[in-house]
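Residue-level structural notes
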Amino acid sequence: MKNENNSSTVKLSGVQTKGGSTIIEVRELTRKFGDFTAVDGISFSVGEGEIFGFLGPNGAGKTTTINMLCTLLKPTEGMASVAGIDVSSHPHEVRKNIGLIFQDPSLDDRLTGRENLHFHAMLYNVDRKTYESRSREVLQMVDLTEKADKQVRTYSGGMKRRLEIARGLLHHPKVIFLDEPTIGLDPQTRRHIWNYLLRLREREKITMFMTTHYMEEAENCDRIAIIDHGRIVSLDTPEALKQIVGGDIVTADTSDNTHAGQIIRDKFGLEIRNGQQGQIIIETTDGDKFIPRLIDTLTNYNPSIQVLSINLRRPTLDDVFIKLTGHSIREEEADQAKDSLKRRVRMWNRGR
């Protein structure tokens, strides 16, 4: 199968790592906003009990996909089912079976943590007896029992996120959707949130469908769909995706990167790319053996090229994303930020 926007082979693995039956089924799902296609004919399935991730930059179609699966948006074309229920024809039944952690904060910070849970229980028609036992349970799961009667405005960002997770679990959903669950949180808090999520998955046996643009966060998923410009460009386990890159990643900075790059192509027959600071990035097998040969070749070249720094590492999901799309997530987001700034400047100038 080929991606129409990219010559790379697209691997859509059907492996369901947790061994359960299919709980989310998506076929040729499309969403258009006027002439703009936000999600373009994507297909995939998610196994029961799986942590399934959508990895891509802002604007790639991640949130739009979640909104369709959660019945907040109607698909333009295609079909999707959650827990065996069609999202278009039976949206109310779908909502009974899912929990949703929004990208943007959605708590009432004038209420206490416990009051936020109670309001959610009322919306989902959770009876009082079930609410009382379940609220104690989910608050304990996310270590918020002692803070439950404090106003949410006194909570830290990480505590608010944990309360939103507890709220999403309150009505015993079969699937919980997490849209950028740790966005805006510092790395340490992100790790703590994921410790809670991984423990919850084991305890609740719940399926998690998440979106992220954090590479290290995507490593927690059983399988990842890499999405770019509304299309899935590859889908597999994190380790299998890294094998797309092949071998090791050598990053070098020299006294003449342009000339060094040409020598590497001619002498070793390797393709290179340039990093954000202009450094040379090389994919090769046996990187530890390649580095001495590279230094020796460049040093003894006439005129000699000095190697200022060199680094060896295993491929990351960022390398996979670049390999498949031709750009990094950070580059894509920087371009979007520039476009957003230009739009704001134009609007401000028009309003003067």
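What you are looking at is a predicted structure, and each value in this text was computed from that prediction instead of being measured. As a convention, each chain's residues are numbered from 1 in the sequence order in which they are written. Local features in this predicted model are restricted to residues of pLDDT 70 or higher, and side-chain atom pairs are both shown and tallied only at a pLDDT of 80 or more, whereas totals for entire chains, interfaces and linings draw on every residue. For side-chain calculations, the full set of non-hydrogen atoms in the structure is used, while hydrogens and water are omitted.

Secondary structure elements follow DSSP: runs of H or I no shorter than four residues count as helices, runs of E no shorter than two count as strands, and numbering proceeds from the N terminus. Its location among the elements puts Asp248 in strand E13 (residues 248–254). Its relative accessible area of 13% is what places Asp248 among the buried residues. Identification of polar contacts relies on pairs of N or O atoms within 3.5 Å, with a donor-acceptor requirement for protein atoms, meaning one able to donate a hydrogen and the other able to accept it, and with residues adjacent in sequence counted only if both atoms are side-chain atoms. One polar contact links the side chain of Asp248 to the main-chain amide nitrogen of Gly287, over a distance of 2.8 Å. A polar side-chain atom of Asp248 sits 2.7 Å from a polar atom in the side chain of Arg314. Residues are treated as being in contact if the distance between any of their heavy atoms lies within 4.5 Å. With residues near it in sequence (within four places) discarded, Asp248 still touches Ile282, Glu283, Thr284, Thr285, Asp286, Gly287, Asp288, Leu312, Arg313 and Arg314. Exposed residues in this analysis have more than 50% of their type's maximum accessible area, buried residues have under 20%, and partly exposed residues fall in between, with area computed by a 1.4 Å probe over protein chains only.

The working definition used for a salt bridge is a side-chain nitrogen of Lys or Arg within 4 Å of a carboxyl oxygen of Asp or Glu. The full count for this structure, using the stated rule, is 22 salt bridges. Asp40 is paired through a salt bridge with Arg231; the nearest N and O atoms lie 2.8 Å apart. Of the two residues, Asp40 sits in strand E4 (residues 36–47) while Arg231 sits in strand E12 (residues 231–236), which places them 191 residues apart along the sequence. Linked through salt bridges whose partners overlap, the residues forming this network are Arg273, Glu283, Arg313, Asp319 and Lys323.

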